[in-house]
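These are the residues of each chain, in order.
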There are 2 protein chains.
Amino acid sequence: MNSEFPAAVHLLVYLAHSTSGSANSEELAENVGTHPARVRKMMRCLREQGWVGTREGIGGGYFLRAEPAAIRLADIYRASCCGGLRPKKPTGSPGSTCPVSSGISGAMDHYFGEAESRYLDYLDGVTVQDVLHRIVDPRPLP
Amino acid sequence: MNSEFPAAVHLLVYLAHSTSGSANSEELAENVGTHPARVRKMMRCLREQGWVGTREGIGGGYFLRAEPAAIRLADIYRASCCGGLRPKKPTGSPGSTCPVSSGISGAMDHYFGEAESRYLDYLDGVTVQDVLHRIVDPRPLP
DNA sequence: TGAACTGTATAATTTATAATTACAGTTAGA
DNA sequence: TCTAACTGTAATTATAAATTATACAGTTCA
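Structural notes, computed from the coordinates. (Residues numbered from 1 in each chain as written. Chains lettered and ligands numbered in written order. Predicted model: local features only at pLDDT ≥ 70, side-chain atom pairs only at ≥ 80, totals over all residues. Heavy atoms only, no water.)

## Overview of the protein's contact with DNA strand D
The environment of DNA strand D is formed by 24 residues, the closest being Ser25(A), Arg47(A), Ser3(B), Thr34(B) and His35(B). Here DNA strand D approaches the protein such that, of its atoms within 4 Å, sugar and phosphate make up 71%. Gly57(B) is positioned such that a nitrogen or oxygen atom in its backbone is 3.5 Å from a base oxygen of DNA strand D. Contributions of two or more residues to the surface near DNA strand D are made by helix 3 (36–48), strand 2 (52–55) and strand 3 (61–64) of chain A together with helix 3 (36–48) of chain B. Each residue belonging to the surface near DNA strand D can be placed in one class, and the counts come to 4 nonpolar, 11 polar and 9 charged. (Near = heavy atom within 4 Å. Polar contact = N/O pair within 3.5 Å; in protein donor to acceptor, adjacent residues only side chain to side chain. Helix = DSSP H or I, 4+ residues; strand = E, 2+ residues; numbered from the N terminus. Nonpolar A, V, L, I, M, F, W, Y, C, P; charged D, E, K, R; others polar.)

In structure tokens:
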């Protein structure tokens, strides 16, 4: 898995924690530990989901549009890196006469899909607010 | 995720399906679609788990040592690429004065760990035999 | 002894990921 | 209306990870 998903969560948690409620790409990039251009690119995705708003121009930046308790990690995952839990390169070859070589990738797709959906079932129960609370007020949480 | 895990499953399923019960690294590599040296390397791991045996020298190769129905995909996953479901590079920085930046990676580790364990719970219910049956006799199966 | 294998290390190549650069478009305020 | 401070986006470069390839010592059997 690449780090799009955790970085997206980080951005949303940061905005949820921010007292001013907004931040520009430079501030966010420094907090996450990445480059402002990458933040802006990721923000496109979060904006399309309706989770953040953008203000361009001087004094501009990003701000939350949704309630932290309404943003589920499973949805962030789906928006940022869906399918990332399975390997890109399948084994075997579809045209082989050997049933194992030709059929294994379809079978594995099935198992990866099922397993990934259990992974997402769990993340469906965790919100941006939960993550924030785990950080600023470490008590047992989802 | 890299393709160690699906390749390992492929190797075991192939041996389980093979009528002779054994195959050398060249035959396995061709079936999986990779290099014989990589097969030999992966076999080390499968041998250490007691799932396959090796015969060196002329006429040698690999053969199953365990029942296909007793080899669980979750165990293959653990042996071949445990932890591969989380990104390698954490976001934020531990020393930061910002609680989000310093705390997010610990929080995400927790959620990734929980989610991965759901993923494995599912794979725990699938065996090499199940995979083989799904390929050679496609009926509803785990 | 020699041919057919495995075991293992290391180098080379390819691919994926992230960082960087660049610049057009937007906005607020002097 | 001009300018500085931003975002949006694409293209390029750099870095890291995964995979393939090469090499050769050790094993086994005929």
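Now that the structure has been shown, we can carry on.
## Focus: the protein's contact with DNA strand C
Ser3(A), Thr34(A), Ile58(A), Ser25(B) and Arg47(B) are the nearest of the 25 residues found near DNA strand C. The separation between a sugar or linking oxygen of DNA strand C and a polar side-chain atom of Glu56(A) is 3.0 Å. Separating a phosphate oxygen of DNA strand C from a side-chain N or O atom of Ser25(B) is a distance of 2.7 Å. Contributions of two or more residues to the surface near DNA strand C are made by helix 3 of chain A together with helix 3, strand 2 (52–55) and strand 3 (61–64) of chain B. A breakdown of the residues in the surface near DNA strand C according to their chemical character gives 4 nonpolar, 11 polar and 10 charged.

## Considering the relation of the copies chain A and chain B
Least-squares fitting of chain A to chain B yields an RMSD of 0.0 Å, with the superposition described by an axial translation of 0.0 Å and a rotation of 180°. Both chain copies can therefore be described as sitting about a two-fold axis. Here 100% of the interface residues in chain A have copies in chain B that are interface residues too; the copies meet face to matching face. (Least-squares fit on C-alpha atoms with pLDDT ≥ 70 in both. Contact = heavy atoms within 4.5 Å.)

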